[in-house]
Amino acid sequence: WRTLQVSLNGDDEYNGGRLVFATSSGLEMPRRLAGSYTIHDNSIVHGVTPLSSGIRYGLFLLATR
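Residues numbered from 1 in each chain as written. Predicted model: local features only at pLDDT ≥ 70, side-chain atom pairs only at ≥ 80, totals over all residues. Heavy atoms only, no water.

## What about the side chain of Arg-32?
Tracing the backbone shows Arg-32 in the loop between strand E4 (26-28) and strand E5 (37-41). Asp-11 provides the closest opposite charge to the buried, unpaired Arg-32, separated from it by 6.6 Å. Of the polar contacts made by the side chain of Arg-32, one reaches the backbone oxygen of Gln-5; its length is 3.5 Å. Excluding residues that lie within four positions of it along the chain, Arg-32 makes contacts with Gln-5, Val-6, Ser-7, Asn-9, Gly-10, Asp-11, Leu-19 and Arg-56. (Helix = DSSP H or I, 4+ residues; strand = E, 2+ residues; numbered from the N terminus. Buried < 20%, exposed > 50% of the residue type's maximum accessible area, 1.4 Å probe, protein only. Lys, Arg positive; Asp, Glu negative; His and termini not counted. Salt bridge = Lys/Arg side-chain N within 4 Å of Asp/Glu carboxyl O. Polar contact = N/O pair within 3.5 Å; in protein donor to acceptor, adjacent residues only side chain to side chain. Contact = heavy atoms within 4.5 Å.)

Here it is in structure tokens:
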């Protein structure tokens, strides 16, 4: 499975709600500008930090076999 996540607003428009990936180097939290995207498969552990204020808009597409 692959997931495409498109950020519809930048992470400077809300507090919290940061995308987090668990990697062999530790936790990674990429900066997300409006229109930016990430692609990952189901082998990558990921999550989102709690959203404390504002609204986080995103588009998620999932490709399966």
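## Brief notes about the pattern of salt bridges
This model, assessed by the stated rule, comprises two salt bridges. For Asp-11, the salt bridge goes to Arg-31, with nearest N and O atoms at 3.2 Å. Taken as a pair, Asp-11 in the loop between strand E1 (2-7) and strand E2 (15-16) and Arg-31 in the loop between E4 and E5 lie far apart in primary sequence, 20 residues in all.

## Focus on the sheet that holds E1
The strand order across the open sheet built from three strands is E5-E1-E8, with neighbouring strands paired in antiparallel fashion. Bordering the open sheet on either side are E5 and strand E8 (58-63), each of which pairs with just one other strand. Adjacent strand axes in the sheet meet at a mean angle of 15°, parallel and antiparallel pairs treated alike. Examined bridge by bridge, E1 and E8 share six bridges and lie antiparallel to one another. The partner of Val-6 across the bridge, within E8, is Leu-59. (Pairing = 2+ DSSP bridges. Axes fitted to C-alpha atoms, helices over the stretch in contact; angles between N-to-C directions.)

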